[in-house]
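Below, each chain spelled out in residue letters.
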Amino acid sequence: MRILVVDDEQEIRKILKLLLENSGYTVLTAGSGAAAVKAIEENSDIDLCIMDIMMPRMSGIEATEKIRKISDVPILFLTAKSLESDKEAAYSSGGDDYLVKPFSSKELLMKVEALTRRYTSYKTKSENTGELIRLYGGVLLNPDAREVVKNGAAVDVREKEIDVLIYLAKNRGRVVSPRELYEAVWGEVSLPSSSNTITVHVLNLRRKLEDNPGSPKIVRTVWGKGYQID
């Protein structure tokens, strides 16, 4: 397993490198966001990126946004910032997990193991069964295998629920009306009662996938228009 450690402080890079190498990982390091992007471009076999957020010139958030244009490698943020808004910015940029400093070595290694295991498993599966779609908060959707994974664990999603999720994901960035969604997924003409069916399935998806179903980040409601995945 190859891990890229990104931090502008040399001492932290050394500590993390030693910790990870003692646990059997091969470690590369980068001292800036720009160097991290370059390392990902030049090393397609990296299995995990551990990214500091607060770095000069290019922050970890900015670096992650650039990395997401070229790679699905899981990214674990390390940061002293612990506000909910900070976490939301990290996940929105494409991050998979978040660890607030100070943290224990054991906690870091547990997250590293979970993320690398999930990525290796899904990278292999997606190569065999097709497209892999990354959603907010590190949720992974494999349409061909009809599987969803959150925090390294498979999510029990029913047939019509995953049909709804796949359709919205494949129309990412576009508002889909309840009528369009019903007719595409159920293959029937939409009736006034069909909106209730869509609402129930969306609520079930939120309950299973969202950290806070009352404030959804994956399947958003666009009031008066429909639903959208960003």
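Here the structure is a predicted model, which means the values were calculated and not measured.

**Q** Would you mind showing me how to read the packing of helix 2 (residues 33–42) against helix 3 (residues 60–67) here?
**A** When two helices pack together, their arrangement is given by the angle between the helix axes and by the axis-to-axis distance. Packing of helix 2 against helix 3 leaves a shortest axis separation of 9 Å and a crossing angle of 20 degrees. Between helix 2 and helix 3, the angle falls in the class roughly parallel. For the crossing formed where helix 2 meets helix 3, the hand is right-handed. Facing helix 2, whose interface residues are Gly 33, Ala 36, Val 37 and Ile 40, helix 3 presents Ala 63, Lys 66 and Ile 67. Looking at the contact of helix 2 with helix 3 residue by residue, the classes come out as 5 nonpolar, 1 polar and 1 charged.

**Q** Sorry, what's going on with the sheet that holds strand 3 (residues 48–52) here?
**A** For sheets, the rule is that strands pair by backbone hydrogen bonds, running either parallel or antiparallel. An order of 2-1-3-4-5 is seen for the 5 strands of this open sheet, with the pairing classed as parallel. Lying at the two open borders of the sheet, with one neighbouring strand each, are strand 2 (26–30) and strand 5 (97–100). Within the sheet, the average angular offset between the axes of one strand and its neighbour, ignoring direction, is 20 degrees. Relative to strand 3, strand 1 (residues 2–6) is paired through 4 bridges, and the arrangement is parallel. Each residue of the ladder has a partner; that of Val 6, found in strand 3, is Met 51.

**Q** Looking at this structure, I do not really get the pairing of strand 5. What am I missing?
**A** Bridge count for strand 4 (residues 75–79) against strand 5 is 4 bridges, and the pairing is parallel. Bridging from a neighbouring strand, Thr 79 pairs with Val 100 of strand 5. Note that the unit made of strand 4, helix 4 (residues 84–92) and strand 5 has a crossover that is right-handed.

**Q** I keep staring at the packing of helix 7 (residues 178–186) against helix 8 (residues 194–209) and nothing clicks. Help me out?
**A** Interhelical geometry of helix 7 versus helix 8 gives an angle of 80 degrees and a closest axis separation of 9 Å. With respect to helix 8, the axis of helix 7 lies roughly perpendicular. Note on element contacts: helix 8 touches helix 7 through Ser 194, Ser 195, Thr 197, Ile 198 and His 201, opposite Pro 178, Leu 181, Tyr 182 and Trp 186. Of the residues belonging to the contact of helix 7 with helix 8, the class tally is 5 nonpolar, 4 polar and no charged.

**Q** I keep staring at the nonpolar core and nothing clicks. Help me out?
**A** The tendency in soluble globular proteins is for nonpolar side chains to be buried as a group. In terms of nonpolar packing, the biggest core is built from 50 residues, with Leu 4, Met 51, Leu 141, Val 148 and Leu 165 touching the most fellow members. At 6 residues, the largest contribution of residues to this core is made by helix 6 (residues 159–170). Setting aside chain neighbours within four positions, we find Met 51 in contact with Val 6, Ala 36, Gly 60, Ala 63, Thr 64, Ile 67, Ile 75, Leu 76, Phe 77 and Leu 78. Within the second largest apolar cluster, 15 residues are counted, among which are Leu 48, Ile 50, Leu 76 and Leu 99.

**Q** Is there a simple way to explain the sheet that holds strand 6 (residues 133–134) in this structure?
**A** In spatial order, the strands read 6-7-8-9; together these 4 strands make up an open sheet with antiparallel pairing. On the outer flanks of this sheet lie strand 6 and strand 9 (153–154), each paired with one strand and no other. Bridge count between strand 7 (residues 140–142) and strand 8 (residues 147–150): 3 bridges; the pairing is antiparallel. Following the sheet pairing, Asn 142 is matched in strand 8 by Glu 147. Packing of helix 6 onto the sheet brings it into contact with strand 6, strand 7 and strand 8, and relative to strand 7 it is tilted by some 100 degrees.

**Q** Explanation requested: the packing of aromatic side chains in the structure shown.
**A** By the definition in use, this model includes 1 aromatic pair. Seen from their ring centres, Tyr 182 and Trp 186 are 5.0 Å apart, and the 10 degrees between their planes marks the pair as stacked. Residue Tyr 182 and its partner Trp 186 are located together in helix 7, separated by 4 residues, close to a single helical turn. Its relative accessible area of 9% is what places Tyr 182 among the buried residues.

About the cut-offs
Along each chain, residue indices are assigned from 1 in the same order as the chain's sequence is written. Under the rules for a predicted model, residues below a pLDDT of 70 receive no local features and side-chain atom pairs below 80 are neither given nor counted, while totals for whole chains, interfaces and linings still include all residues. Only hydrogens and water are set aside when side-chain values are computed; all heavy atoms of the structure are taken into account. All axes here are fitted lines through C-alpha atoms, helices being fitted over the stretch that makes contact, and every angle between N-to-C directions spans 0 to 180 degrees. For the purposes of this entry, the term helix denotes a DSSP run of H or I that reaches at least four residues, the term strand denotes a run of E that reaches at least two, and both are numbered from the N terminus. Note that the term roughly parallel is reserved for angles under 35 degrees, roughly antiparallel for angles over 145, roughly perpendicular for angles of 65 to 115, and oblique for everything else. Crossing chirality is assigned from the near helix's rotation relative to the far helix, an anticlockwise turn below a right angle marking it left-handed and a clockwise turn marking it right-handed. Residue contacts follow a heavy-atom distance rule, with two residues in contact if any of their heavy atoms lie within 4.5 Å. For this classification, Asp, Glu, Lys and Arg are treated as charged, while Ala, Val, Leu, Ile, Met, Phe, Trp, Tyr, Cys and Pro are nonpolar and the rest, including Gly, are polar. Between any two strands, pairing holds if DSSP finds at least two bridges. By convention, a crossover is right-handed whenever its connection, traced from the first strand over the helix to the second and viewed with the strands pointing away, goes clockwise. To qualify as a nonpolar core, a set must consist of buried Ala, Val, Leu, Ile, Met, Phe, Trp, Tyr and Cys residues joined through side-chain atoms within 4.5 Å. A 1.4 Å probe rolled over the protein chains alone gives each residue an accessible area, and that area as a share of the maximum for its type sets the label: buried under 20%, exposed over 50%, partly exposed in between. Ring pairs are drawn from Phe, Tyr and Trp, using the six-membered ring of Trp, whenever the two centres fall within 6.5 Å, and their geometry is named by plane angle: stacked under 30 degrees, edge-to-face over 60, tilted for the rest.

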